[in-house]
Amino acid sequence: YAALFAMAPDLPGTLFKGTDVKAQAVRTMTMINAAVGLLDDESGALVAELRALGARHAGYGAESAHLPVVGQALMSVLGRRLGDKLTPAAADAWGAVYAVISQAMTEGMSSPEGAAQARAYRERLAAKDAPTPRALVQRTWKLVSGDLAALGDEFYAALFAMAPDLPGTLFK
């Protein structure tokens, strides 16, 4: 993920926030390994799995706009690891395979399941960022409670304006 984060420095603080990146890196390479293993499988299992993977990733906040930089990072790492063994033909082949991965994942992200996962992600994010009622009360009270005597005077002025009979009854 070092190559990916170098190319997209906002990802560690957004999409990968709170993620064990080492464990995620192993999962990603395991998925690519499985995808390479399924290249000869003509049953459609690879594309089906990649679509499901795309739908799940929508639930993590991933968007199809993230996929090109992921492909660039993959090609960068392959280039460094393989050196001159990554021939232009091999690079083209990897590009074609990544295009299939990206397309299938995009289809999964935009599927009804992917849309539901993305919606659930946004709701979780909004709930996580929303202050609790207690925090809202504490925060707003802090804004008005600097001068308690003045606040009290204003409170009773408002109260007596709303209920003019109170001063003669309750506050005799």
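Residues numbered from 1 in each chain as written. Predicted model: local features only at pLDDT ≥ 70, side-chain atom pairs only at ≥ 80, totals over all residues. Heavy atoms only, no water.

A.B. asks: Looking at this structure, I do not really get the overall build of the chain. What am I missing?
C.D. replies: Counting secondary structure elements, the chain contains nine helices and zero strands. Traced from its N-terminal end to its C-terminal end, the chain shows the element sequence α-α-α-α-α-α-α-α-α. Relative to the 2.2 N^0.38 estimate, which gives 16 Å for 172 residues, the radius of gyration of the chain is 28 Å and therefore markedly larger than a compact globule would have. For the chain, the spread of C-alpha atoms along the principal axes amounts to about 95 × 35 × 20 Å. Each of the 172 residues in the chain was classed as buried or not, and the buried ones make up 24%. Of the contacts made within the chain by residues no fewer than 6 positions apart, 63% connect residues no fewer than 24 positions apart. Carbon and sulfur atoms make up 63% of the accessible area of the chain, which totals about 11700 Å². The average position of the 16 basic charges and that of the 17 acidic charges among the side chains of the chain differ by 6 Å. (Helix = DSSP H or I, 4+ residues; strand = E, 2+ residues; numbered from the N terminus. Rg over C-alpha atoms; globule rule 2.2 N^0.38 Å. Buried < 20%, exposed > 50% of the residue type's maximum accessible area, 1.4 Å probe, protein only. Contact = heavy atoms within 4.5 Å. Areas by Shrake-Rupley, 256 points an atom, 1.4 Å probe, with all protein chains shown as cover. Lys, Arg positive; Asp, Glu negative; His and termini not counted. Charge placed at Lys NZ, Arg CZ, Asp CG, Glu CD.)

A.B. asks: How should helix 5 (residues 88-110) be read in this particular structure?
C.D. replies: Two residues of an α-helix separated by three or four positions point the same way, owing to the 3.6 residues in each turn. Here helix 5 is 23 residues long and its end C-alpha atoms lie 32 Å apart, about the 33 Å a rise of 1.5 Å per residue gives. If you follow the buried residues of helix 5, they end up packed against helix 3 (45-58), helix 4 (67-82) and helix 6 (112-129). (Expected span 1.5 Å × (residues − 1).)

A.B. asks: Looking at this structure, how should I read the packing of aromatic side chains?
C.D. replies: What characterises a pair of aromatic rings is the spacing of the ring centres plus the angle enclosed by the ring planes. Evaluated as defined, the whole model comprises two aromatic pairs. Judged by centre distance (4.9 Å) and plane angle (80 degrees), the rings of F155 and Y156 are edge-to-face. Ring geometry for Y156 against F160: centres 5.6 Å apart, planes inclined by 45 degrees, an arrangement best described as tilted. A residue pair is termed a helical-turn pair when its members lie 3 or 4 positions apart in one helix, as Y156 and F160 do in helix 8 (residues 148-162) at four residues. Using a relative accessible area of 36% as the deciding quantity, one classes Y156 as partly exposed. On the basis of relative accessibility, which here comes to 26%, the residue F160 falls in the partly exposed class. (Phe/Tyr/Trp six-rings, centres within 6.5 Å; stacked < 30°, edge-to-face > 60°.)

A.B. asks: Just to check I follow, could you spell out the pattern of salt bridges for this structure?
C.D. replies: Pairs can form between side chains of opposite charge whenever their charged atoms are close. Tallied over the full model, the rule gives two salt bridges. One salt bridge connects R56 with E49, and the closest N-O pair in it is separated by 3.4 Å. A residue is classified by how much of its surface remains accessible, and R56, at 35% relative accessible area, is partly exposed. Overall, the relative accessible area of 42% leaves E49 in the partly exposed class. For R51, the salt bridge goes to E107, with nearest N and O atoms at 2.6 Å. (Salt bridge = Lys/Arg side-chain N within 4 Å of Asp/Glu carboxyl O.)

A.B. asks: What's the story with the nonpolar core in this structure? I'm lost.
C.D. replies: Taken as a class, soluble globular proteins show a tendency for nonpolar side chains to be buried jointly. Among the nonpolar cores identified, the biggest contains 17 residues, and L50, L67, L74, Y98, I101, M105 and M109 are the most heavily contacted of them. The set of elements that each furnish at least two residues to this core consists of helix 2 (21-37), helix 3, helix 4 and helix 5. Residue contributions to this core peak at five residues, all from helix 5. Residues in contact with L50, not counting those within four places in the same chain, are M31, V100, I101, A104 and M105. (Core = buried A, V, L, I, M, F, W, Y, C linked by side-chain atoms within 4.5 Å.)

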